[in-house]
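Coordinate inspection notes
As a plain string of letters, each chain reads:
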Number of protein chains: 2
Amino acid sequence: MDPNVIPNVSVDCVIIGYDLQDISILLIEREMIYNDRKYVDLKLPGDLVRWNEDIDSSAHRILFDLSGVQINNLKQLQAFGEVDRLKEEPRDMEWLRSIDHPEERVITIAYYTLVSLDLIHSQKFKPNPNARWVPISKIGKLAFDHNRIINIALDTLRQEIKKNPVAFDLLPRKFTLSQMQKLYELVMGTCFDKRNFRKKIAQIPCIVPINEKQVNVPHKPARYYMFSHDVYEATRKDSFDFLV
Amino acid sequence: MDPNVIPNVSVDCVIIGYDLQDISILLIEREMIYNDRKYVDLKLPGDLVRWNEDIDSSAHRILFDLSGVQINNLKQLQAFGEVDRLKEEPRDMEWLRSIDHPEERVITIAYYTLVSLDLIHSQKFKPNPNARWVPISKIGKLAFDHNRIINIALDTLRQEIKKNPVAFDLLPRKFTLSQMQKLYELVMGTCFDKRNFRKKIAQIPCIVPINEKQVNVPHKPARYYMFSHDVYEATRKDSFDFLV
DNA sequence: TCAAAAGTGTTGGTATTACACCCATGT
DNA sequence: ACATGGGTGTAATACCAACACTTTTGA
C-alpha cells in the first residue's frame, strides 16, 4: 500500500460531456477474472487522497492523470460514507484486493466537472486508454455505488443549469441555439418551445450572436452564438435565472 | 487515541434555530489556557467518525449526545479537506494536542440541521452544558474553519428555503404569518410586502389556517397556521417554488 | 424539387409589484 | 385613549405559454 495516501479517503470524479447528441460520462473500464469468468465493469475515475494534497487537488490530479489536461471547473458534490459502500458486490471486493487495497473502509468525496467538445477534441486531450465515454442512457450497473454518485451529479447539474451559466462549459465555444436548446432538454428531461426559448435567450445579454454561420449543412445554416464571460460578470444580478 | 475512530475523518454539525427573533447556531464553548492566558472560543459540535458507523450516523450520534434528543432532518453540506485546515491558529493546534488528538490531518464532513422552538423547549432537549445558542449576527471568529462552514450552511439554507418547505422545520408547529415572513426576511436578507406575502401564502394549499389565535398579546391577535405534510405530498408538483 | 432544420410575432392569461387604511387587543 | 402589530384589495405592468408558416441550404 502506498504510504503517501490516506487509506480511508478517496475522491471520485464524474466527468460529464455533451457531444451535441448525448450527455455522456467518462468511465474507466476495469477488467478482471473472478470465479474463472472474465468481467468487464465500468467505474468512475478516482483515487485515494494523498497526505500532502487538499481534496480539491486530488480531484485535479485524478483528472489530469486521466486526460492529460488541466481541468479547472471542478465542483464538489458530497461525501459518501456508508460503512459498507464498497462491499455490496463480492467482485468489487476481490478487485480491491487485486490492486492491493487493504480491505478497509473508504469514504469517498465525489466531484463533478463539465467538459466541452472543444476540450475533448483538442490535441492535448489524451485520455487513459481504459477510459470510455458512455451516454447516460446506456450506463448499466457500475462498480460500487457509482451509479448513485452519477445520479446525484446529474441532479445537481439539473439544479445548476437553471440558475447558473454552466451550460457553456458543456457547449463548444461557438454554438447554435438549437444545440443549446437540445442540451437543456436533455439535462432537464423536458421540451421547450423554440420561439419561446429564443425569446428568452435574446433577453440574456451575455449570450451574444456572432457573425458566423454553419457551413456544409444540408439545411438553412444556423447562426453561431457565444457566451461572454465579461458581459455576464458585468450584468449579472443575483442569479442567471434561466428557465424556471 | 480512541481505537474506535477513523483518525482522519470527522463530522461537524451546524445546528440552526429560529426563536422568532433571531437565527442562531448552537455552538460549543471551548475553554483553554494558552501562553498563560485563558481563552474561551466557540466551535461547531463535531467528532471523529467511528469505524463501524456511517457518516450520517456519526452526525446523528453527535446531535444526540449534544442534545439528548433524536434529530432526524439532517442534511450533508460538503466535505472540507484542505491539508492545513486545522493549522491556521496555534491555539487550535494546542487544543487538539490537549484532547489527545494526534496532530494529523482531518477531513471533515459538515452537516446541517434545522430545529424548531418546539423541540428546543421540549422536556427532552437537554443540551450539553457547554452549548450556547449564538445569533448569527453575533458570531465572532470561531475555531478552525468553522466560520466558513457556517456561512456555507446559511447559503444552502437560503437556496433551500426558496424551493423546499424547510421553513417549517424552523418554525413552531403553529405559527403566525408574520413569524413566517420574518423568518424568510432574516434568511434571505430582504424585506417583503405584507400583502403580497400573504397573497402568495394563500395560494399554497399545504399552509393551512387553523381556528386558533394568539392570546395575551397587546395588539390584535394573529391567527395561527400550520404546515400540512399530507397536503404537501398530495399537491406538490416539482418544487415548492416559493419566493424567487 | 425535396428534405431538413433555421428563423420569426401575436395574443390571452397569469403572476408580480406597488401602495394605505382600519381592526382588535392589553396596558 | 393609545400603542402595537394584524389584516385586507386594486390597478398597472411584466412575464409566460401556446401556436404555424417562410427561409436557406445541400443533395
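Residues numbered from 1 in each chain as written. Chains lettered and ligands numbered in written order. Predicted model: local features only at pLDDT ≥ 70, side-chain atom pairs only at ≥ 80, totals over all residues. Heavy atoms only, no water.

**Section: the overall build of chain A**
When its secondary structure is counted, chain A shows eight helices and nine strands. The principal-axis extent of the C-alpha atoms belonging to chain A is close to 55 × 40 × 35 Å. Residues classed as buried in chain A amount to 48% of the 244 residues present. A sequence separation of at least 24 residues applies to 70% of the contacts in chain A between residues at least 6 apart. About 12,600 Å² of surface is accessible on chain A, with carbon and sulfur atoms providing 49% of the total. Across chain A, the mean location of the 34 positive side-chain charges is 10 Å away from that of the 34 negative side-chain charges. (Helix = DSSP H or I, 4+ residues; strand = E, 2+ residues; numbered from the N terminus. Buried < 20%, exposed > 50% of the residue type's maximum accessible area, 1.4 Å probe, protein only. Contact = heavy atoms within 4.5 Å. Areas by Shrake-Rupley, 256 points an atom, 1.4 Å probe, with all protein chains shown as cover. Lys, Arg positive; Asp, Glu negative; His and termini not counted. Charge placed at Lys NZ, Arg CZ, Asp CG, Glu CD.)

**A word on the interface of chain B and chain A**
Taken together, the contacts link 21 residues of chain B with 21 residues of chain A. Across the contact surface, chain B and chain A share zero salt bridges. There are twelve residue pairs in polar contact (both at pLDDT 80 or more) connecting chain B and chain A. Every element with two or more residues in the side of chain B that touches chain A is listed here: β1 (5-18), β4 (46-50), β5 (74-80) and β6 (107-115) of chain B. Take the side of chain B that touches chain A: its biggest share by element is four residues, from β5(B). (Salt bridge = Lys/Arg side-chain N within 4 Å of Asp/Glu carboxyl O. Polar contact = N/O pair within 3.5 Å; in protein donor to acceptor, adjacent residues only side chain to side chain.)

**Focus: the relation of the copies chain B and chain A**
Laying chain B over chain A is done by rotating through 180° and shifting 0.1 Å along the axis; what remains is an RMSD of 0.0 Å. Both copies of the chain, as the preceding transformation shows, are related through a two-fold rotation axis. Within chain B, the C-alpha atom positioned nearest to the axis of rotation is that of Gln78(B), 2.5 Å from it. Of all interface residues in chain B, 100% are interface residues in chain A too; the two copies therefore contact each other through one and the same surface. (Least-squares fit on C-alpha atoms with pLDDT ≥ 70 in both.)

**A look at the protein's contact with DNA strand D**
Around DNA strand D sit 21 residues in total, of which Lys220(A), Lys194(B), Lys199(B), His219(B) and Arg223(B) are the nearest. Expressed as a percentage, the sugar and phosphate content of the atoms of DNA strand D within 4 Å of the protein is 38%. Between DNA strand D and Ser178(B), the relevant distance is 2.8 Å, taken from a phosphate oxygen to a side-chain nitrogen or oxygen of the residue. At 3.2 Å from a base oxygen of DNA strand D is found a main-chain nitrogen or oxygen belonging to Pro218(B). Residue composition of the surface near DNA strand D, by class: six nonpolar, four polar and eleven charged. (Near = heavy atom within 4 Å. Nonpolar A, V, L, I, M, F, W, Y, C, P; charged D, E, K, R; others polar.)

**Re the protein's contact with DNA strand C**
Looking at DNA strand C, there are 21 residues lining it, with Ser178(A), Lys194(A), Arg223(A), Val217(B) and Lys220(B) nearest. Measuring from a phosphate oxygen of DNA strand C, one finds a side-chain N or O atom of Ser178(A) at 2.7 Å. The separation between a base nitrogen of DNA strand C and a polar main-chain atom of Lys220(B) is 2.9 Å. Looking at the surface near DNA strand C, the elements that each hand over two or more residues are α7 (194-202) of chain A together with α7 (194-202) of chain B. Taken together, the residues that form the surface near DNA strand C break down as six nonpolar, four polar and eleven charged.

**A closer look at the environment of Pro209(B)**
Residue and element names in this part refer to chain B. For proline 209, the location among the structural elements is in strand β8 (residues 207-213). Residue classification places proline 209 among the partly exposed positions, given a relative accessible area of 46%. Along the primary structure proline 209 and phenylalanine 227 are separated by 18 residues, whereas in three dimensions their C-alpha atoms are 8.9 Å apart. Apart from the residues within four sequence positions on either side, proline 209 is in contact with Arg223, Tyr224 and Tyr225.

**Some remarks on the domain arrangement of chain A**
Residues and elements named next belong to chain A. According to the domain assignment, chain A contains domain 1 (5-163) and domain 2 (167-235). In this structure, domain 1 and domain 2 have C-alpha centres spaced 29 Å apart. With 17 residues of domain 1 in contact, the opposing surface of domain 2 contributes 13 residues. Between domain 1 and domain 2, roughly 1,500 Å² of surface is buried when both sides are summed, and carbon and sulfur atoms account for 67% of that area. (Domains from an automatic or database assignment. Buried area = accessible area lost by both parts, 1.4 Å probe.)

**Let's talk about the side chain of Asp12(B)**
All names here are of chain B. Among the secondary structure elements, aspartate 12 is positioned in strand β1. At 2.7 Å, the side chain of aspartate 12 forms a polar contact with the side chain of threonine 108. Apart from residues no more than four positions distant in its own chain, aspartate 12 is found in contact with Leu44, Pro45, Gly46, Arg85, Thr108, Ile109, Ala110, Tyr111 and His146.

**Thoughts on the packing of aromatic side chains**
In this description, a pair of aromatic rings is defined by centroid distance and the angle of the planes. Throughout the structure, instances matching the rule amount to 14 aromatic pairs over all chains. On the basis of an interplanar angle of 10° and a centroid distance of 4.4 Å, the ring pair of Phe168(A) and Phe227(A) is categorised as stacked. One end of the pair, Phe168(A), is in helix α5 (residues 167-170); the other, Phe227(A), is in strand β9 (residues 223-227), and 59 residues separate them in sequence. Under the relative-accessibility criterion, Phe227(A) is labelled buried at 16%. Where Phe227(A) meets Tyr232(A), the ring centres are 5.8 Å apart and the plane angle is 50°; that geometry is what we call tilted. By the burial criterion, Phe227(A) is buried, and Tyr232(A) matches it. The rings of Phe168(A), Phe175(A), Phe227(A) and Tyr232(A) are connected pair by pair, giving a single aromatic cluster. Over the ring of Phe144(B) we find Arg30(B), and its NZ or CZ is 5.8 Å from the ring centre. (Phe/Tyr/Trp six-rings, centres within 6.5 Å; stacked < 30°, edge-to-face > 60°. Lys NZ or Arg CZ within 6 Å of the ring centre and 35° of its normal.)

**A look at helix α1 (residues 55-67) of chain A**
The end-to-end C-alpha distance of α1(A), which contains 13 residues, comes to 19 Å, matching closely the 18 Å that a straight helix rising 1.5 Å per residue would cover. Two residues or fewer after α1(A) comes Gly68(A), characterised by a positive phi angle close to 80°. (Expected span 1.5 Å × (residues − 1).)

**Quick notes on the nonpolar core**
Residues Val11(A), Ile109(A), Val11(B) and Ile109(B) are the most contacted members of the largest nonpolar core, which totals 48 residues. Setting aside its immediate chain neighbours within four residues, Val11(B) contacts Pro45(B), Gly46(B), Asp47(B), Val49(B), Ile55(B), Ser58(B), Ala59(B), Ile62(B), Thr108(B), Ile109(B) and Tyr111(B). (Core = buried A, V, L, I, M, F, W, Y, C linked by side-chain atoms within 4.5 Å.)

**A word on the side chain of Arg91(A)**
Within the secondary structure, Arg91(A) sits in helix α2 (residues 90-98). Look past the residues within four positions of Arg91(A) in its chain and what remains in contact with it is Arg30(A), Met32(A), Tyr34(A), Tyr39(A) and Asp41(A).

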